[in-house]
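Overview (structure and organization)
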Amino acid sequence: MAELALHSNRVITNGKIVDATIFIKNGIISEIVNGLPENYSGEIVDVGNKIIMPGIIDPHVHINEPGRTEWEGFDTATKAAIAGGVTTLIDMPLNASPVTTTAKAFHEKVSSTKNKLHTNCGFWGGIVPGNEDEIEKLIDKGAFGFKAFLTHSGIDEFPNVTEEHLRKVMPVIARNKLPLLVHCELDSFESGVITNSISYKNYLASRPKKWEDDAIALMIRLCEEFNCHVHVVHLSSANSIEQIAKAKQRKLPLSVETGQHYLFFNAEEIPDGATAFKCAPPIREKENNNLLWQALKDGIIDFVATDHSPATPDIKEIKSGNFMKAWGGIASLQFALPALWTAAKERKVSVQDIAKWLSENPAKLIGREHNIGKIAPGYDADIIVWDDKKECVITEKIIQHKNKVTPYLDKTLRGVIEQTYLGGVEVYKNGKFSALNNGKFIIHTN
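Residues numbered from 1 in each chain as written. Predicted model: local features only at pLDDT ≥ 70, side-chain atom pairs only at ≥ 80, totals over all residues. Heavy atoms only, no water.

Remarks on the nonpolar core
- By size, the foremost hydrophobic cluster in this structure holds 97 residues, and its most contacted members are Met 53, Leu 180, Met 219 and Leu 337.
- No other element matches the 7 residues that helix 6 (residues 209-226) contributes to this core.
- One finds Ile 90, Phe 144, Ala 305 and Ala 311 within the second-largest nonpolar core, a separate group that totals 23 residues. (Core = buried A, V, L, I, M, F, W, Y, C linked by side-chain atoms within 4.5 Å. Buried < 20%, exposed > 50% of the residue type's maximum accessible area, 1.4 Å probe, protein only. Helix = DSSP H or I, 4+ residues; strand = E, 2+ residues; numbered from the N terminus.)

Re the sheet that holds strand 9 (residues 125-126)
- With parallel pairing, 6 strands are arranged side by side in an open sheet as 9-10-11-12-13-14. The open sheet has two free edges, formed respectively by strand 9 and strand 14 (303-304), since each of these has just one partner strand.
- One ladder, built from 3 bridges, connects strand 11 (residues 180-183) with strand 12 (residues 230-232); its direction is parallel. Pairing of Leu 180 across the sheet is with Val 230, part of strand 12. (Pairing = 2+ DSSP bridges.)

Describing the side chain of Glu 317
- Looking at where Glu 317 falls in the secondary structure, it is placed in the loop between strand 14 and helix 10 (336-343).
- Buried within the structure, Glu 317 lacks any salt-bridge partner; Lys 325 is the closest side chain of opposite charge, at an N-O distance of 4.1 Å.
- Here Ser 320 takes part through its side chain, which lies 2.5 Å from a polar atom of the side chain of Glu 317.
- Setting aside residues up to four positions removed in sequence, Glu 317 forms contacts with Thr 275, Asn 322, Lys 325 and Ala 326. (Lys, Arg positive; Asp, Glu negative; His and termini not counted. Salt bridge = Lys/Arg side-chain N within 4 Å of Asp/Glu carboxyl O. Polar contact = N/O pair within 3.5 Å; in protein donor to acceptor, adjacent residues only side chain to side chain. Contact = heavy atoms within 4.5 Å.)

Looking at the pairing of strand 13 (residues 254-258)
- Of all 5 residues in strand 13, 5 are buried; the element is thus mostly enclosed.
- With 3 bridges connecting them, strand 12 and strand 13 associate as parallel partners. Bridged to Val 230 within strand 13 is Leu 254.
- Where the polypeptide runs from strand 12 across helix 7 (residues 241-249) and back to strand 13, its parallel neighbour, the crossover connection is right-handed.
- Here strand 13 runs beside strand 14; their pairing, made up of 2 bridges, is parallel. (Right-handed = clockwise from strand over helix to strand, strands pointing away.)

Points about the packing of aromatic side chains
- Within the structure shown, the criterion is met by 19 aromatic pairs.
- Aromatic ring contacts, followed pair by pair, group Phe 264, Phe 265, Phe 277, Phe 335 and Tyr 408 into a single cluster.
- Here Lys 109 stacks its cationic end above the ring of Phe 123, 5.2 Å away from the centre of that ring. (Phe/Tyr/Trp six-rings, centres within 6.5 Å; stacked < 30°, edge-to-face > 60°. Lys NZ or Arg CZ within 6 Å of the ring centre and 35° of its normal.)

Focus on a negative patch on the surface
- Negative charge collects at one region of the surface, where Glu 268, Glu 269, Glu 285 and Glu 287 lie side by side.
- With respect to the helices, strands and loops of the structure, Glu 269 is situated in the loop between helix 8 (260-264) and helix 9 (286-298). (Patch = residues over 30% accessible without salt bridge, like charges linked within 9 Å, V, L, I, M, F, W, Y side chains within 5 Å. Areas by Shrake-Rupley, 256 points an atom, 1.4 Å probe, with all protein chains shown as cover. Charge placed at Lys NZ, Arg CZ, Asp CG, Glu CD.)

What to know about the side chain of Thr 78
- Here Thr 78 is to be found in helix 1 (residues 74-83).
- Classification of Thr 78 by relative accessible area gives buried; the value is 0%.
- In this structure the side chain of Thr 78 is engaged in a polar contact, spanning 3.1 Å, whose partner is the backbone nitrogen of His 118.
- Excluding residues within four positions of it along the chain, Thr 78 makes contact with Leu 89, Lys 116, Leu 117, His 118 and Thr 119.

Some words on helix 10
- Counting buried residues along helix 10, 8 of its 8 residues qualify, which places the element largely inside the surrounding structure.
- Turning to helix 10, its buried residues number three or more, namely Ala 336, Leu 337, Pro 338, Ala 339, Leu 340, Trp 341, Thr 342 and Ala 343.

Regarding the packing of helix 4 (residues 163-175) against helix 6
- Two numbers describe how helix 4 lies on helix 6: the axes approach to 10 Å, and their chain directions differ by 40°. When the axis of helix 4 is compared with that of helix 6, the two are oblique. Helix 4 and helix 6 meet at a crossing whose hand is right-handed. Residues Glu 163, Leu 166, Arg 167, Met 170, Pro 171 and Ala 174 of helix 4 lie in contact with helix 6, whose contacting residues are Leu 218, Met 219, Arg 221, Leu 222, Cys 223, Glu 225 and Phe 226.
- The residue makeup of the contact of helix 4 with helix 6, split by class, is 9 nonpolar, no polar and 4 charged. (Axes fitted to C-alpha atoms, helices over the stretch in contact; angles between N-to-C directions. Parallel < 35°, antiparallel > 145°, perpendicular 65-115°, else oblique. Left-handed = near helix turned anticlockwise from the far one by under 90°. Nonpolar A, V, L, I, M, F, W, Y, C, P; charged D, E, K, R; others polar.)

Here we look at the environment of Leu 263
- Inspection of the secondary structure assignment puts Leu 263 in helix 8.
- As for Leu 263 and Arg 284, which are separated by 21 residues in sequence, their C-alpha atoms are 9.6 Å apart.
- Apart from residues lying up to four places away in sequence, Leu 263 is in contact with Thr 258, Asn 289, Leu 292, Trp 293, Leu 296, Val 304, Leu 340 and Ala 343.

Describing helix 1
- Taking burial as the measure, the 10 residues of helix 1 include 8 buried ones, the bulk of the element.
- Those residues of helix 1 that fall on the buried side of the exposure criterion are Phe 74, Thr 76, Ala 77, Thr 78, Ala 80, Ala 81, Ile 82 and Ala 83.
- Among the structural elements, strand 7 (86-91), helix 2 (103-112), strand 8 (120-123), strand 16 (412-422), strand 17 (425-429) and strand 18 (432-433) are those in contact with the buried residues of helix 1.

So, the pattern of salt bridges
- Tallying each qualifying case throughout the model produces 20 salt bridges.
- The shortest N-O distance in the salt bridge between Arg 284 and Glu 212 comes to 3.1 Å. Residue Arg 284 is found in the loop between helix 8 and helix 9, and its partner Glu 212 is found in helix 6; the two are separated by 72 residues along the sequence.
- The exposure class assigned to Glu 212 is buried, which follows from its relative accessible area of 2%.
- Overlapping salt bridges, with partners in common, bring together Glu 163, Arg 167, Arg 221 and Glu 225 in one network.

Structure (structure tokens):
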């Protein structure tokens, strides 16, 4: 007999919504049957008309431990994750100290997760000038791939690379069939002296679309030359959609994500001094962001990831409102689904699209599409139950992130996570944690 049986009138499986019961055994989905089974003697958890879909996979998260745990740590981040239905996350190699650019630092990071993982968590390695000899050591440790910046990362210990550096490392990454994630901004534009540092308009002008467009053109060229999987993180410039589409038409190994904040917020609505909204690349104008939505619906953009990058209120310059000094990052891990679903309102987006953008397609980036990201027999029973009609006001009380600074504060979001299952174990239900420390440290395996 199955250890758990879940029924809903709306289960998302094979790109469809079906009335089905999911049977789970040893943490794996063993069987899916239509409707409610007859003559089944075990207990069935029936969630009625609530949606059952695969757990969210967020491959772009900054947790900052060890070294900067006052910004965020594994305990708070992974609690926020399961409260938001995130059953797998991959942590970025910077913002922690030491940065994850060596095998030794990777080991330190793994050690810092002990008794603090409430969801499944893996790590990206980092590419910085001079660490070419560490790449295969990081691969041996289980890194899912590598992250590089083409402009200053905000962390001095994680300097940006140039084309010269990339030419050294891309053949190694390609040979190991792993992705190279790239923050695509080339700061060729001189913004001049910013006289009004609390003006969002001035901050936006200081990081123009051209920075992104030039960087993406470079990465497409190198992607083709080395046949190396390049993944463009947090796309914000709609001007690059055409060159990305053409690269994909040529079957280059290129993938792209955007962030919830680029789809939810618009520059015209951001008040001066509201540094909770600062990120890089910046949130752009409504017209631009509408084009990002279209590219996502057309499949040119593959999926959506939070780029959860929190910091303390003082580092975010909340009191001063100084955009030029504030840390660039948005805390949003807990709101991955409701932020996207709310922004999707009136855009003819289906809940199946949400599952594809938050679960199925991110699984492909991390090479786990064979066992997570879908409701299907043989897949891990990482499952969420959510109410697509219910709304929730984001208050400090419900935020699980260590720091409560987020542009979603006081916003009414639609789509509430009611239950999270990790390997068939209920870990979160109706605003409360059912079980903690059930997360696993996961590694990439060939």
